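# Coordinate analysis (summary)
So you can see what is in the structure, the chains are spelled out below.
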Amino acid sequence: MTKMVLEEIKRTLMQANAVKGEQEFCVAWLGKNASYMRTLRFQNLQPSADALATCASKLNYYGARLENSKDEAHRVWAERFSALHEKCAAALNEQAEAKWRVAERMGAA
C-alpha cells in the first residue's frame, strides 16, 4: 500500500507542476537518490520510513503555506496536499505498526 501512496503523491505533484518527473520527486520530496522509486519497483520493496516521513513533512509544510494564499487555486492545492499528507502519515503508521506487532517484539516470544 505504501508504494501506491507514493505513486499517487508523485502523480499529483506532477499535475501541480511541483516536479517534472520521478527522478526529481525522489530527490526533492523523498530525500533519496534519483532511482529510488525504480529500485522499489524492480526489487518489489516498500518505501522506507525515512522516505515516507520526509514526504509527509514536506506535504504538510507546503500545504500550510498554500492554505494561506489569496489565490483560490493555491487553496485547492493546499487541500490536496493535506489529504496526501494524511495518506502518507497513515502509510508510515501502518508500516511502523506492522513492525512492532511482530510477536517477538510484543514480548510473546
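Before reading on, note that the structure itself is shown above.
Here's what I pulled together on the structure shown here. (Residues numbered from 1 in each chain as written. Predicted model: local features only at pLDDT ≥ 70, side-chain atom pairs only at ≥ 80, totals over all residues. Heavy atoms only, no water.)

### Some words on the pattern of salt bridges
Heads up, the rule is: What makes a salt bridge here is a side-chain nitrogen of Lys or Arg within 4 Å of a carboxyl oxygen of Asp or Glu, nothing more. Runs of H or I in DSSP of at least four residues are treated as helices and runs of E of at least two as strands, each being numbered from the N terminus. With a 1.4 Å probe rolled over the protein chains alone, any residue whose accessible area is under 20% of its type maximum counts as buried; one over 50% counts as exposed, and the rest are partly exposed.
A full pass over the atoms with the stated rule returns 8 salt bridges. For Glu7, the salt bridge goes to Arg41, with nearest N and O atoms at 3.3 Å. Residue Glu7 is located in helix α1 (residues 2-15), and its partner Arg41 is located in helix α3 (residues 36-43); the two are separated by 34 residues in the primary sequence. What makes Glu7 buried here is its relative accessible area of 18%. In this structure, a network of salt bridges that share partners links the residues Glu7, Lys10, Glu22 and Arg41.

### Comments concerning the side chain of Ser69
Counted only if it meets this: Think of a polar contact as two N or O atoms within 3.5 Å of one another; within protein, one of them needs to be a possible hydrogen donor and the other a possible acceptor, and neighboring residues in sequence only count if both atoms come from side chains. When checking whether two residues touch, look at their non-hydrogen atoms; a contact exists if any pair is within 4.5 Å.
One can find Ser69 in the loop between α4 (49-67) and α5 (72-100). Since its relative accessible area comes to 19%, Ser69 is described here as buried. In terms of polar contacts, Ser69 uses its side chain to reach the backbone amide nitrogen of Asp71, at 3.0 Å. With sequence-adjacent residues up to four places away left out, Ser69 is seen in contact with His74 and Arg75.

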